[in-house]
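Summary of structural features
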Amino acid sequence: DGYKGPGDGLSVAFAKPGGRSEARSAVEDDPWNAWVFSIRAGADIDREDTRRDSRYNSSASANRTTDLWKVDLNLWSNWSRSEFQLSDSSTYVNETNGWTVSGLIVRSLSDHWSVGVTGGTGTSTRQNQAFRADFAPAIEWNYFPWQEATRRRLVARYSVGVEYFDYEERTVYDRSEETIGRHRLDLSYRSQETWGDARVGGEFAQILGDLDRYSFELSGSLDYRLARGLNLNLGGSYELIRDQIY
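In this text the structure is predicted, and so the values were computed from the model without any measurement. The residue numbers shown here count from 1 along each chain, following its written sequence. Side-chain atom pairs in this predicted model are given and counted only at pLDDT of 80 or more, local residue features only at pLDDT of at least 70, and totals for whole chains, interfaces and linings cover all residues. Excluded from the side-chain calculation are hydrogens and water; included are all heavy atoms of the structure.

Here the aromatic set is Phe, Tyr and Trp, taking the six-membered ring for Trp, and pairing holds for ring centres within 6.5 Å; pairs whose planes are under 30 degrees apart are stacked, those over 60 apart are edge-to-face, and all others are tilted. In this structure the tally under the stated criterion is ten aromatic pairs. In this structure an aromatic cluster arises from ring pairing among Trp32, Trp35 and Phe37.

The structure is reproduced here in structure tokens:
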């Protein structure tokens, strides 16, 4: 009869939330373009009659996680100096310093699998390293979809690559420099919820061609919100080191 009611011409459509398009839209609306930056610095100074300790450290990081890419860039440095006055009135001085730059770039192949590269460079007087550099391709598997990586992740990463060392002094193996191959398996879990933050990680590394030279590390931390302004912090780690070739 040609009559048009108030609902004529009205259409309603629903889009399924949580998909890649939603995650991409969130990135486009973010003025930081999904980058997260962190800068930290600290100092510890102790003074006694026969001893003086000074320790300084700093770090910076830049991280970005999207549907297709994950980028982790880190910079760390430290300097420490200890002076001891001995019984003969002489003074013993111990000074150490070092810095490290590392990076990880990962490209997602699916909601769970990714490939990428990791590498870094640095120095460390404590580890007898005038210069070191490493590079390794890697493959990753995440139990949770990568769209949830900023909230929770359970990641297994395997890498195999090369490492170069230029030593300040000759090692006990009579080496002033050397290049080795090493493979590494990392397992990590992280969850960021309204109640707090939890992290657990483990790493096994081994020098290629020498089964007796390996290292193992297990660590974890918990930051639990008991009440507004009151948190409970717990943490611990265990290390087994058999690859100190420096």
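Bringing the nonpolar core into the picture now. Only buried residues count toward a nonpolar core. Its members are Ala, Val, Leu, Ile, Met, Phe, Trp, Tyr and Cys residues joined through side-chain atoms within 4.5 Å. Remark: exposure states derive from per-residue accessible area (1.4 Å probe, protein chains only) relative to the maximum for the residue type, with buried under 20%, exposed over 50%, and partly exposed in between. Counting five residues, the largest nonpolar core is built from Phe165, Tyr167, Ile180, Ile207 and Ile245. In contact with Ile207, not counting residues within four places along its chain, are Ile180, Gly181, Arg182, Arg213, Asp243 and Ile245. Residue contacts are counted whenever heavy atoms from the two residues lie within 4.5 Å of one another.

Okay, the pairing of strand 7 (residues 152-167) next. Two strands make a pair as long as DSSP finds a minimum of two bridges between them. Each helix is a run of DSSP H or I of at least 4 residues and each strand a run of E of at least 2, with the numbering of both proceeding from the N terminus. Both strand 6 (residues 129-142) and strand 7 contribute to a ladder of eleven bridges, which runs antiparallel. Paired with Asn142 across the bridge in strand 7 is Val155. Alignment of strand 7 against strand 8 (residues 177-193), held across 15 bridges, turns out to be antiparallel. The residue of strand 8 that forms the bridge with Leu154 is Tyr189.

In this section: the pattern of salt bridges. For this analysis, a salt bridge means a side-chain nitrogen from Lys or Arg found within 4 Å of a carboxyl oxygen belonging to Asp or Glu. With the rule as written, the count across this model stands at 18 salt bridges. Among the ionic pairs, Arg170 bridges to Asp174, the shortest N-O distance being 3.3 Å. Given a relative accessible area of 54%, Arg170 falls into the exposed group. Among the residues examined, Asp174 registers a relative accessible area of 51% and is labelled exposed. As a salt-bridge pair, Arg175 and Glu178 come within 2.9 Å of each other at their nearest N and O atoms. Through salt bridges that share partners, Glu163, Arg182, Arg184, Glu203 and Asp243 make up one connected network.

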